[in-house]
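# Notes for the structure review
The residues making up each chain are set out below.
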Amino acid sequence: MKSRSNPILSGALALCVLGLSACTDRPNPQTSSPLDPPAPIDQPAEDVPPATAPAAPPPAQDATARMDGYAALKLGMSAEDARKALGASATGKADEPGGCYYLEPPTATGAPNYMIEGDKFVRYENHRDAAIAAPGGGKIGMSADEIRALYPGRIEERPHKYVDDGQYWRIQDAGGGSGVLLFEVIAGKVTAWRVGLAPQVDYVEGCS
C-alpha cells in the first residue's frame, strides 16, 4: 500500500526553503555596497615631512633719530668710526687738533648735520627737513602745543639768544642717558631741532 504525501506539509516545507533562500540573499546592513563612498583613510599614503614652526619675525630696529645717536652713529663714538659709518667719502676736518667741525655724508639731501668735537661725534641737528622726526616724534613745523603733548612735563624752556619771541626747549633723555634733545621754537612753531651731548648741544652758533 503506497503512502500518500501530505500536501499541506509539502507546501509548508517549500515555503520554509524559499524563506531561507530569501534571508540568505538579503544584503547585510553592516556591509557597504559598491556605491557607498570609501571609508576615510587615517594616514596619508605618502610620507609627510614633520611640521615646522613659522620663521620668527626679524628683531625690531632702532628708530633712525635717537637720544643716543642717529642711524649707525652713536654719540661719543670716535670721529674715525663716525666717518666710516657715513661712508668713506664723507668730508670735513678740524682747523686745529680736537677742533669743532661738521662731517658731510656723500649724499646730504634729507640728512642732518653731524658735529665732531674733541675727535668725537657729539651732536646732530636738523634745520630744514620736516619729514625727519626727532626722538619722541617732534618735527619742524609743529606747534608749541603739539610739542608739549609729545613731551609732557619734560621741557625746560630757555630764552632764545637772538629772537624776542623765540625759545630753546631742552629735553633730557627719559631713559637716563646723556643725550639731550633741543627744539628751537619761534613764534610758537618749531623751526629746528638737535640732539647731542652737553655742552655741545647748547652751542647756539654751532661750530662758529
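Up top you'll find the structure we're talking about.
Worth saying up front: this structure is predicted, and the values here are computed from it rather than measured. (Residues numbered from 1 in each chain as written. Predicted model: local features only at pLDDT ≥ 70, side-chain atom pairs only at ≥ 80, totals over all residues. Heavy atoms only, no water.)

### Quick look at the state of the cysteines
Where two cysteines share a covalent bond between their sulfur atoms, that bond is called a disulfide. Heads up, the condition is: Two cysteine sulfurs form a disulfide in these notes if their separation is within 2.5 Å. By definition, any uninterrupted DSSP run of H or I lasting at least four residues is a helix, any uninterrupted run of E lasting at least two residues is a strand, and each is numbered from the N terminus.
All told, the structure shown has one disulfide when counted by the stated rule. A sulfur-sulfur distance of 1.9 Å marks the disulfide that ties Cys100 to Cys207. When the S-S torsion is -60°, as for the bridge of Cys100 with Cys207, the disulfide is left-handed. Residue Cys100 is located in the loop between α2 (79–86) and β4 (101–103), and its partner Cys207 is located in the segment after β10 (189–196); the two are separated by 107 residues in the primary sequence.

### Some points on the pairing of strand β5 (residues 113–117)
Let me state the cut-off plainly: Any residue under 20% of the maximum accessible area for its type is buried, any over 50% is exposed, and the rest in between are partly exposed; the area is computed with a 1.4 Å probe on protein chains only. The pairing criterion for strands is at least two bridges between them, as found by DSSP.
In terms of burial, β5 is a largely internal element, five of the five residues being buried. Where β4 meets β5, three bridges bridge the pair, whose relative direction is antiparallel. Bridge pairing in β5 places Tyr102 opposite Met115. Note: β5 against strand β6 (residues 120–126), five bridges, orientation antiparallel. Within β6, the residue paired with Ile116 across the bridge is Phe121. Between β5 and β6, which pair antiparallel and follow one another directly, the connecting turn spans two residues, one of which, Gly118, has a positive phi of 65°.

### Description of the pattern of salt bridges
For clarity, the cut-off: Put simply, a salt bridge is a Lys or Arg side-chain nitrogen that is within 4 Å of an Asp or Glu carboxyl oxygen.
On inspection of all chains with the given rule, the structure shows nine salt bridges. Across the pair Lys84 and Glu80 runs a salt bridge whose closest N-O atoms are separated by 3.6 Å. Pair noted here: Lys84 and Glu80 are both in helix α2, with a separation of four residues, about one helical turn. Each member of the pair, Lys84 together with Glu80, is exposed. Between Asp145 and Arg148 there is a salt bridge, with the nearest N and O atoms lying 3.4 Å from each other. Of the two residues, Asp145 and Arg148 both sit in helix α3 (residues 144–150), three residues apart, roughly one turn of that helix. Given the relative accessible area of 58%, Asp145 is considered exposed. Of the residues examined, Arg148 reaches a relative accessible area of 37% and is grouped as partly exposed. A network of salt bridges, in which partner residues are shared, links Glu156, Arg158, Arg170 and Asp202.

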